[in-house]
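Chain and residue survey
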Amino acid sequence: MKQHRDTLAALRVSRWVYGGAFLIPLVILCLAFWHLKLAPFGPKNLLFSDMGAQYVPILEYLRTTILHGQFHLFSLSLGTGSGIVPLLTYYVISPFNLIVFLFPAAHITTALSWIILLKVSTIGLTMAVFLRHAFLKSGWSLLLFSTAFSLCGFVAMYFYDMMWLDALIWLPLVALGLHRLVDQHHFGLYTVSLTATILSNYYMGYMTCLFSVLYFIYLIVEHQPTKTKFLSVLKMHTAAIRQFFIGSLLAGGMTAVVLLPTALGMLLTGKSDVFYQNYLPSPLFGPEVLAQFGPGGSTYVTHLYHAPTLFMGTLMFLLVIVYFVSPRIRAVEKNRTMWLLIVMGLGLFVTLFNTAWHMFQQPAGFPFRNAYFFTFLLLITAYRAWQTHPAQSMNDPQKILALVWGAGLLIVGYLSAHVFPKLYFKAAATLNNTLYLKSQPSFHWMWLSLGLLLLSTMLLFISEWRPIRIGLLGLLLATELGGNYLVANRGIEFGNQAAFEKYYRQDKALLAQVNASQTTSDLHRVEFLHATISKAYDGPYNHYNDPLLFNYSGISSYSSTLVEQARVFQHDLGYFSPNVRRISPQGYTHVTDTLIGVKYRLNAFKDPQITPLSSYAGLGFAVPAKLAKVQLNDQQALYNQEKVLRALGAPQNTLALTSVLNVSTRRATAHDMVNIPGKFRTLKHDGDRYLQTVKLRVNATGLLHGYSPDNNIIYSSLRVNGKKAKPLTNADGLRYVINLGQHQRGTVLTVSYVTNKPTEGYHNQFVSLNQRLYRQFTRQLRQQSLHFRADNQVSRLSGDVQGTPERNLLYLAIPDTPGWSATVNGKPVTITSAMHAQSLIPVVKNYKGMIGVPLQNGQNHVVLRYRTPGLRAGAIISLACLVLFGVLWFTGEWLRPLETKHSRRHNA
């Protein structure tokens, strides 16, 4: 009876502890949001970095398309068109994201705040479940460790990349499943939690798979009370090893429905390129990383590159040291733990291993995304040290030794932070080394860290008034974690919630006037670079994902799933693309408007706000078959446009070169460089700067464009006739086609810019598009445009087009990517790539262009269907593995315990 009462009491304590594990991080984070004045507790919102540029638009697109019945697995809101499954699996698949359906579009930023609050709180809950069941102990002290994990340094720095938070929620359950697998040969929890991790975010799921291998090996070795040969350990745990492999394979199989199509989709991105530097056995940091165990080690200002975020509270750092000092822990256990931490630490420290952890690609910003695994292992180590009751089990010299070791490591870390990063920078002044140097914590943080360490030591080793001691330790830890979170947010330019609500509605209403979200017979593209929504952002906003935010067919995109072939095609035509994740509408000409299918150009800051484009010939139109043979060349945008016009049969001199009358060059003054950003104003790295002035005569009436094949124009210094012509997006250091305005034939003007390559300025190209000739030409194209039918959908395009002997190929302004099939008049035809594109940077590669469909003479009914490559096969594999898992779980984990129970009764 007494044992029963004790069990019930322990159960009641566990329930209260679970509630506290969820509520304490929630309260701390709510207070932090209130202090930062973030919605729903203030007028600011999370419109910054990836949250403002990616999560808000992507989740709003998902919410809108589902609620309005417009959701398809192919989207014209992703650049010039892309399958959407990789985007969903990378950013969206999390049950917490269902919260966005409870909020209107203008309040989606508030929904994201609640998602983050609930995710961080759930991390604390699952960590408490793990500690309670893995170590079979409960009590209020468990809240110290669950809270430390939920608000660790990784969460403080990357909470706004909220797709990663799900992995921290599931990690404790994966680890608990491994404990049960080794202890009881039950693989159900491990398989289910690993499956959920991969489904939530396959990127972090991959890392969790690597962690599972390491932790499983550690657990089977840990079960041996004495040092045992590894082969002998493997033989003793044959059943557990078998179940580990079966459970892991089933988890991978059950997620094939997302993994297979995502893998095929990611192979289409620029992230498939390989750079040998990422596979060198070189170190990524030095002893300065020890400073990260103190508070304030990293801030948002340094989010692009910094040391691993290891902060978990001073108490936890001290307990890790206690673990290795305590006489209650055997040497063999210490050695095993040390080896596990070393192996995990090498995944952070060595470039080769770090690249492997990040799916064999080094992160572009937000480095050391696997740091939370190391924190998790450290917290387990700290919890084991706590269970030894160090206040009673350690003598005074051992307690002093723990304090000295902790203080010594922190001092070494902070001193090294002001020495080693400078040496790295002097050895190689790379961008990462520059950012790393600037990311080091100030020296004054050392004194605070040492003070917190001394205070934690005093509280930890006091043996009297245990409830009060735990309360004081909890208060100190909560203050540290909350304070570190606030410090990590320094430098963030939060958005304005009232402004977002206002300007979202304004821009949405403007787009409604041109039926921008229409997906049936009026399918067309819109260029809306100058939207008022930018006023809601305090930081820079480049409009890349506005097509997703407002659900219209655009030409820009920013995501890690951007199709490289489409990006390169647009870039070869002159569009601005700073890297493999971004393509901008900046760099357009009327020729590209025609090729991309842009019907309206919108500018919310001009009157009129809507400009119908005479260059629009439809999203598809009949063209000569020789267009399929056109090869676009990288870094030759205007020449590429001339080749396309020739292949289409445009009149000669539709693109007219200007006459260069004079080129003058002088050394640039400080006044010339006043508008140039800092890194391009610096003279010492790239040589001196010069002001180059080109005097031109325009030879055709129309838009004048410029292009620099040798990339020698600093665009922020650009002037036309002395007036600023700086682009909206900072394009310095990159190539794109410049719009120099509308000019009459015979006009003489000057174009000036700062350059560090004045001799190469003579290669710069300036051309005008003959407005009269091009309007006549596009009218001819429109006569054979593709007319969509009423049953048209984004993933099933249905329309009619007239074919002739001269124009026997349908050009459709959608990338020729895998997944599309076509029929003409009911008969299957092979899709032909209309044009090919080329990239020289980062690697030399050739790509397909847009969709081309062969036409017959006369009327053609064309139907194109899109099916996500790998989705059907992945679904079949997932279903088969789900059934197999159910059978194995039912027979191995549900029936077997019953059989054991009945056999015990029979024996009794």
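Let me sum up the structure you'll find in this document.

Rules and cut-offs
Residues numbered from 1 in each chain as written. Predicted model: local features only at pLDDT ≥ 70, side-chain atom pairs only at ≥ 80, totals over all residues. Heavy atoms only, no water. Helix = DSSP H or I, 4+ residues; strand = E, 2+ residues; numbered from the N terminus. Rg over C-alpha atoms; globule rule 2.2 N^0.38 Å. Buried < 20%, exposed > 50% of the residue type's maximum accessible area, 1.4 Å probe, protein only. Contact = heavy atoms within 4.5 Å. Areas by Shrake-Rupley, 256 points an atom, 1.4 Å probe, with all protein chains shown as cover. Pairing = 2+ DSSP bridges. Axes fitted to C-alpha atoms, helices over the stretch in contact; angles between N-to-C directions. Phe/Tyr/Trp six-rings, centres within 6.5 Å; stacked < 30°, edge-to-face > 60°. Lys NZ or Arg CZ within 6 Å of the ring centre and 35° of its normal. Salt bridge = Lys/Arg side-chain N within 4 Å of Asp/Glu carboxyl O. 1 Å grid on protein atoms, 1.4 Å probe; cavity = no way out; pocket = protein on both sides within 12 Å on 5 of 7 lines; lining within 4 Å. Points joined across faces, edges and corners; volume = space filled by probe spheres on them. Nonpolar A, V, L, I, M, F, W, Y, C, P; charged D, E, K, R; others polar. Parallel < 35°, antiparallel > 145°, perpendicular 65-115°, else oblique. Left-handed = near helix turned anticlockwise from the far one by under 90°.

**Focus on the overall build of the chain**
A tally of helices and strands in the chain yields 30 helices and 27 strands. Rg of the C-alpha trace for the chain: 31 Å, near the compact-globule value of 29 Å for 908 residues, within the 12% margin. Along the first, second and third principal axes, the C-alpha atoms of the chain reach 95 × 70 × 50 Å. Put simply, the chain has 908 residues, and 59% of those count as buried. Considering only contacts in the chain between residues 6 or more positions apart, those separated by 24 or more positions represent 77%. Accessible surface computed for the chain: about 36,600 Å², of which carbon and sulfur atoms make up 62%.

**With respect to the sheet that holds strand 25 (residues 832–839)**
In spatial order, the strands read 10-22-26-25; together these 4 strands make up an open sheet with antiparallel pairing. Looking at which strands have only one partner, the edges of the open sheet turn out to be strand 10 (620–623) and strand 25. Adjacent strand axes in the sheet meet at a mean angle of 35 degrees when their direction is disregarded. Two strands pair when backbone bridges link them, and strand 25 and strand 26 (residues 845–854) are joined in this way by 7 bridges, in the antiparallel orientation. Residue Gln-838 lies in a different strand from strand 26, and its bridge partner there is Asn-846.

**Comments concerning the packing of aromatic side chains**
Evaluated as defined, the whole model comprises 54 aromatic pairs. Relative to Phe-349, the ring of Phe-285 has its centre 5.3 Å away and its plane inclined at 70 degrees; by these criteria the two rings are edge-to-face. In this pair, Phe-285 sits in the loop between helix 12 (256–266) and helix 13 (314–325) while Phe-349 sits in helix 14 (residues 331–349), placing the two residues 64 residues apart along the sequence. The ring of Tyr-588 carries Arg-601 above its face, with NZ or CZ at 3.6 Å from the centroid.

**Regarding the sheet that holds strand 17 (residues 738–743)**
Sheet architecture is open: 4 strands sit in the order 11-19-14-17, paired in antiparallel fashion. The open sheet is flanked by strand 11 (655–657) and strand 17, the only strands paired with a single partner. For this sheet, the mean angle separating the axes of adjacent strands, direction not counted, is 30 degrees.

**Concerning the pattern of salt bridges**
Counted according to the given criterion, the structure contains 11 salt bridges. Notably, a salt bridge pairs Asp-593 with Arg-601, separated by 2.7 Å at the nearest N-O pair. For Asp-593, a relative accessible area of 0% corresponds to the buried category. A salt bridge links Arg-796 to Asp-791, with the shortest nitrogen-to-oxygen separation between them at 3.4 Å. Connected through shared salt-bridge partners, Glu-527, Asp-593 and Arg-601 make up one network.

**Digging into the pairing of strand 19 (residues 765–769)**
Across the 5 residues that make up strand 19, a large majority, 5, are buried. The two faces of strand 19 match: Gln-765, Val-767 and Leu-769 on one face and Phe-766 and Ser-768 on the other face are all buried. Where strand 11 meets strand 19, 3 bridges bridge the pair, whose relative direction is antiparallel. Within strand 19, the position partnered with Leu-657 by the bridge is Val-767. Alignment of strand 14 (residues 702–707) against strand 19, held across 4 bridges, turns out to be antiparallel. Residue Tyr-707 lies in a different strand from strand 19, and its bridge partner there is Gln-765.

**Side note on the environment of Pro-327**
Its place among the elements puts Pro-327 in the loop between helix 13 and helix 14. Distance from Pro-327 to Asn-395, taken between C-alpha atoms, is 9.2 Å for residues 68 residues apart in sequence. Pro-327 has contacts with Ser-393, Met-394 and Gln-398, leaving out every residue within four places of it along the chain.

**Digging into empty space enclosed by the protein**
Scanning the model with the defined rule gives 7 cavities of 30 Å³ or more in all. Here the second largest cavity is characterised by a volume of approximately 70 Å³. Residue lining of the second largest cavity: Gly-153, Ala-156, Met-157, Gln-292, Gly-294, Gly-297, Ser-298, Thr-309, Leu-310, Phe-311, Asn-484 and Ala-488, and that is the complete set. For the lining of the second largest cavity, the elements supplying multiple residues, two or more each, are helix 6 (153–158) and helix 22 (466–488). A per-class count over the lining of the second largest cavity returns 5 nonpolar, 7 polar and no charged.

**A look at the packing of helix 7 (residues 165–184) against helix 16 (residues 371–387)**
Contact geometry of helix 7 with helix 16 gives a least axis separation of 11 Å together with a crossing angle of 45 degrees. Here helix 7 lies oblique to helix 16, going by the angle between them. Considering the relative orientation of helix 7 and helix 16, their crossing is right-handed. Contacts from Ala-167, Leu-168, Leu-171, Pro-172 and Ala-175 in helix 7 reach Tyr-372, Phe-373 and Phe-376 in helix 16. Classifying every residue of the contact of helix 7 with helix 16 gives 8 nonpolar, no polar and no charged.

**A word on the side chain of Gln-641**
By the element assignment, Gln-641 lies in helix 27 (residues 637–648). In contact with Gln-641, other than residues within four places in its own chain, are Leu-573, Thr-589, Val-591, Thr-592, Leu-655 and Val-737.

It is worth stressing that arrangement in space is one thing and function is another; only the former is reported here.
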